[in-house]
Amino acid sequence: MEQDPRAEASSICQQELLCHCCYDILLDPTTLTCGHSFCRHCLAQWWVSSRKKECPECREKWEGFPKINILLRETTQKLFCADVQRRRAEIQADPNVSQSLLAFQRHGGNSGRSNTSRQRGAKLFLYGAFAAFVCVAVKEVLFSFSRSSLAPDDQRPNKPVPHWTPEEVGSWLDQLGPWTQLYRESFLEHSINGRLLLMLEEEELFSPPFHVLNTAQRRTILAELDQLKSPLTKTPQNLWEYKLEPGWPQWAEFLVMCLLLPYMLIAEFAWSWLSVQYWTSHFIIVNAALLSVLEGFALWRLWNRAEIRTLPRKMWNHSWSMILQGFAFALLWPFVPQFVCNCFFYWALYCSPVVNIDRVVRQLISPETQ
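Residues numbered from 1 in each chain as written. Predicted model: local features only at pLDDT ≥ 70, side-chain atom pairs only at ≥ 80, totals over all residues. Heavy atoms only, no water.

Engineer: Go over the overall build of the protein chain with me, naming the residues and quoting the values.
Structural biologist: Within the protein chain one finds 17 helices and 3 strands. Classification of the 370 residues of the protein chain by burial places 29% in the buried group. In the protein chain, once contacts between residues fewer than 6 apart in sequence are set aside, the share between residues at least 24 apart is 59%. (Helix = DSSP H or I, 4+ residues; strand = E, 2+ residues; numbered from the N terminus. Buried < 20%, exposed > 50% of the residue type's maximum accessible area, 1.4 Å probe, protein only. Contact = heavy atoms within 4.5 Å.)

What follows is the structure, given as structure tokens:
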């Protein structure tokens, strides 16, 4: 008996219109640049699980963002309407598949805008550089205003006391009052600089060559010396000396800031050094604020994608990579020239705020954070 040509044609079409991922009728068939076609939800699940832009069958990378093959979709709907409706109902009832499709479509929207983003990349980078300089300028104005409003008559040198010259010590004496003119020449004649000034005691002021015989004047000089010594002993030398003899409330505040706002802890530490390293401290403060904003965006994306449970694993991977990089840097440190290390260090210090501002601007225009 001869086989019905329609049945043979239907059988051939059904075999040719199968998805090579789920081996069922193609639903919303999506054709890649290599020529293979898959169900769109199958391709979305493959991309979500692997994060690779390649064909599940031949492993060839696709270009752009895959779109639905309209001709194949109409063909499958006309020839296998019941199967298509059944499969569509099954997919709509599965929330995991819906989330995969949504994530895949978001990725497509971002990649579709990547070309225009690249064209505007240089413009955004220039905007970021301009914003970085504006932030630094605003901080400079605020710092200058606060310094002038808090101590308008304070004309002391803007550097540590041990680095004062004898002339600067004389200027400091002039601020105490006109009566210091009696002793100013003695300080200059014996070259009393900042280090020697901090070592003066009451007996030395009373005895020659200073001859500060007036008790009130001698106590005034000693009181001003105590004020000069107090910030010198309280200024931390590194992060481990950030708090001297901390109590439980200070430890709790320190641990909370380490867990939630680590960069702002560094910014607070840099703020205390504005009088010593003015511009460098400003760059560190601006960069710390930008890194905190970027961390907020990252947490928002994890929460929005329902991937917050992966945060411990991501933190562990990041910590492990940082440890490996630090170990490799420690091994290469003796062999790398100091000039190269200095170039990398200052590039990271002064260019990181500009790069991070560009990243923040890109996150702000991203649809996931709007």
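Engineer: Please provide a residue-by-residue account of the packing of helix 8 (residues 166–176) against helix 9 (residues 181–189), values included.
Structural biologist: Working note: a packed helix pair is described by the angle between its axes plus the distance between those axes. Where helix 8 contacts helix 9, the axes come no closer than 10 Å and their chain directions differ by 170 degrees. Taken together, the axes of helix 8 and helix 9 lie roughly antiparallel to each other. For the pair helix 8 and helix 9, the contacting residues are Pro 166, Glu 167, Val 169, Gly 170, Ser 171, Leu 173 and Asp 174 in the first and Gln 181, Arg 184, Phe 187 and Leu 188 in the second. For the contact of helix 8 with helix 9, the residue count by class is 5 nonpolar, 3 polar and 3 charged. (Axes fitted to C-alpha atoms, helices over the stretch in contact; angles between N-to-C directions. Parallel < 35°, antiparallel > 145°, perpendicular 65-115°, else oblique. Nonpolar A, V, L, I, M, F, W, Y, C, P; charged D, E, K, R; others polar.)

Engineer: Residue-level account of a negative patch on the surface, with values.
Structural biologist: Residues Glu 201, Glu 203, Glu 204 and Asp 226 make up a contiguous surface patch of negative charge. Along the chain, Asp 226 turns up in helix 12 (residues 215–234). (Patch = residues over 30% accessible without salt bridge, like charges linked within 9 Å, V, L, I, M, F, W, Y side chains within 5 Å. Areas by Shrake-Rupley, 256 points an atom, 1.4 Å probe, with all protein chains shown as cover. Salt bridge = Lys/Arg side-chain N within 4 Å of Asp/Glu carboxyl O. Lys, Arg positive; Asp, Glu negative; His and termini not counted. Charge placed at Lys NZ, Arg CZ, Asp CG, Glu CD.)

Engineer: Describe the nonpolar core, listing the residues and the values that go with them.
Structural biologist: One finds Cys 19, Leu 32, Cys 39, Leu 43, Trp 62 and Phe 104 to be the most contacted residues of the largest nonpolar core, which totals 20 residues. Among the secondary structure elements, those contributing two or more residues to this core are strand 2 (37–39), helix 2 (40–50), helix 4 (81–92) and helix 5 (95–112). Examining the composition of this core, we find that 5 residues originate from one element, helix 2, more than from any other. Setting aside its immediate chain neighbours within four residues, Leu 43 contacts Thr 30, Leu 32, Pro 56, Trp 62, Pro 66 and Phe 104. (Core = buried A, V, L, I, M, F, W, Y, C linked by side-chain atoms within 4.5 Å.)

Engineer: Break down the packing of helix 14 (residues 262–271) against helix 15 (residues 278–304) for me, with residues and values.
Structural biologist: Following both chains from N to C, one finds helix 14 and helix 15 inclined at 165 degrees, their axes separated by 8 Å at the closest point. Overall, the two elements helix 14 and helix 15 adopt an arrangement that is roughly antiparallel. Handedness of the helix 14/helix 15 crossing: left-handed. Mapping the contact onto sequence places Pro 262, Tyr 263, Met 264, Ile 266, Ala 267, Ala 270 and Trp 271 in helix 14 and Ser 281, Ile 284, Ile 285, Ala 288, Ala 289, Leu 291, Ser 292 and Glu 295 in helix 15. (Left-handed = near helix turned anticlockwise from the far one by under 90°.)

Engineer: Go over helix 14 with me, naming the residues and quoting the values.
Structural biologist: Within the sequence span of helix 14, burial applies to Leu 265, Ala 267, Phe 269 and Ala 270. Close packing links the buried residues of helix 14 with helix 13 (248–260) and helix 15.

Engineer: Which residues make up the state of the cysteines, and what values go with them?
Structural biologist: Among covalent bonds in proteins, the disulfide is the one between the sulfur atoms of two cysteines. With the rule as written, the count across this model stands at 0 disulfides. Take Cys 42: it sits in no disulfide, and the sulfur closest to it among the cysteines is that of Cys 22, at 3.7 Å. With no disulfide of its own, Cys 55 has Cys 34 as its nearest cysteine by sulfur position, at a separation of 3.7 Å. According to the relative accessible area criterion, Cys 55 is buried, its value standing at 0%. (Disulfide = S-S within 2.5 Å.)

Engineer: Lay out the sheet that holds strand 1 (residues 29–31) with the relevant residues and their values.
Structural biologist: Spatial ordering of the open sheet is given by 2-1-3, a layout of 3 strands whose pairing is antiparallel. Sheet topology places strand 2 and strand 3 (67–68) at the edges, where each strand pairs with a single neighbour. Two elements, strand 1 and strand 3, share 2 bridges in a ladder whose sense is antiparallel. Bridge assignment links Thr 31 to a residue of strand 3, and that residue is Lys 67. (Pairing = 2+ DSSP bridges.)

Engineer: Any details on the pattern of salt bridges? Residues and values, ideally.
Structural biologist: A complete count under the given rule lists 7 salt bridges for this structure. Taking the shortest distance from any N to any O, the salt bridge between Arg 86 and Asp 24 comes out at 3.5 Å. Here Asp 24 lies in the loop between helix 1 (5–16) and strand 1 and Arg 86 lies in helix 4, a separation of 62 residues in the sequence. Take Arg 86: its relative accessible area is 36%, and that puts it in the partly exposed class. Given a relative accessible area of 21%, Asp 24 falls into the partly exposed group. Of the charged contacts in the structure, one is a salt bridge between Asp 174 and Arg 184, with a shortest N-O distance of 3.1 Å.

Engineer: Can you explain the packing of aromatic side chains? Please cite residues and give values.
Structural biologist: In the structure shown here, the tally under the stated rule is 6 aromatic pairs. Seen from their ring centres, Trp 179 and Tyr 183 are 6.4 Å apart, and the 70 degrees between their planes marks the pair as edge-to-face. Three or more aromatic residues joined by ring pairs make a cluster, and in this case those are Trp 47, Phe 65 and Phe 104. (Phe/Tyr/Trp six-rings, centres within 6.5 Å; stacked < 30°, edge-to-face > 60°.)

Engineer: Summarise the side chain of Ser 100; cite the residues concerned and give the values.
Structural biologist: In this fold, Ser 100 is placed in helix 5. If near-sequence neighbours (up to four positions away) are discounted, Ser 100 is found in contact with Ala 44, Gln 45 and Val 48.

Engineer: Describe a nonpolar patch on the surface, and please don't skip the residues or the numbers.
Structural biologist: Together, Val 256, Leu 259, Leu 260 and Leu 261 give the surface a local cluster of nonpolar side chains, amounting to about 430 Å² of exposed area. With a relative accessible area of 63%, Leu 260 lands in the exposed category.

Engineer: Help me get a handle on unusual backbone geometry, residues and values and all.
Structural biologist: Trans is the prevailing form of peptide bonds, just as negative phi is the prevailing case for residues other than glycine. At the junction of Pro 208 and Pro 209, the peptide bond is cis and its omega measures out at 5 degrees in the coordinates. For Pro 209, the position within the fold is in the loop between helix 11 (202–206) and helix 12. One non-glycine residue, Tyr 23, lies in the positive phi region at around 55 degrees. Backbone geometry at Ser 191 places phi at a positive 55 degrees, although glycine is not the residue there. If you trace the backbone, Ser 191 turns up in the loop between helix 9 and helix 10 (194–198). Look at Ser 191 and you get partly exposed, because its relative accessible area is 42%.

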